[in-house]
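# Examining the three-dimensional arrangement
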Amino acid sequence: MKITSFNPFISTSKPDEAISLFGDLGFERKHTKEGIEIAERDDTVIRMKDAGGFHIDILEAKTGAARDTVGIRMNVDNFEEAYNMLKEKGFKNVYGDETVSTKSSKAAMMVSPSGFNICVIQHIKHDE
């Protein structure tokens, strides 16, 4: 398994505040992925990037979370290998055995035994 990118994410019920803060820090909105459905949720992810090449993802949590959460987004070239390795280390998928599958990616939110989050993602490449 190869890690292809690695950056923080914030899951928040107030995404506009986080987007504004990171905008003031020099990050620009790169793209938005809406309608990510899993475990009866419908999330939106806003990907931002600064001039130095750093990324941050802002996840709009549409459920009534008591507070924001932060974690790491880890893009990989082999989802199953990364997912199984994290499970062997004691991580649990926060959605049971469900994964997020879209036209462009496969992902799962994993939580460590001590409570930190890693969102493992593999981008799906479509041959033309």
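First, a word on what this report is: a plain description of the structure on this page. Quick caveat, the model's predicted, so the values are computed rather than measured.

### Things to note about the pairing of strand β9 (residues 117-123)
Counted residue by residue, β9 has five buried out of seven residues, so it is predominantly covered. Sheet analysis places strand β5 (residues 69-76) next to β9, joined by five bridges and oriented parallel. Its bridge partner being in β9, M74 is matched across the sheet by V120. Across seven bridges, the pairing between strand β8 (residues 105-111) and β9 is antiparallel. Paired with M110 across the two strands is I118, which belongs to β9. Where β8 hands over to β9, the hairpin turn is made up of five residues, of which G115 adopts a positive phi near 110°.

### Description of the pattern of salt bridges
The tally for this structure, following the rule as stated, stands at three salt bridges. Notably, a salt bridge pairs K106 with E80, separated by 2.9 Å at the nearest N-O pair. Here K106, found in strand β8, pairs with E80, found in helix α2 (residues 79-88); they are 26 residues apart in sequence, far enough to count as distant. E80 sits in the partly exposed class, given a relative accessible area of 40%. In the salt-bridge network here, residues are joined through shared partners; they are R47, D57 and R73.

### Side note on helix α1 (residues 15-24)
Listing the buried residues of α1 in full gives P15, A18, I19 and F22. End-on, the buried residues of α1 take up no more than an arc of 100°, which puts them together on one face. Away from its buried face, by an angle of more than 90 degrees, α1 presents the exposed residues D16, E17 and D24. Within two residues after α1, G26 carries a phi angle of roughly 100°, on the positive side.

Calculation rules
Residues numbered from 1 in each chain as written. Predicted model: local features only at pLDDT ≥ 70, side-chain atom pairs only at ≥ 80, totals over all residues. Heavy atoms only, no water. Buried < 20%, exposed > 50% of the residue type's maximum accessible area, 1.4 Å probe, protein only. Helix = DSSP H or I, 4+ residues; strand = E, 2+ residues; numbered from the N terminus. Pairing = 2+ DSSP bridges. Salt bridge = Lys/Arg side-chain N within 4 Å of Asp/Glu carboxyl O. Arc of directions from axis to C-beta.

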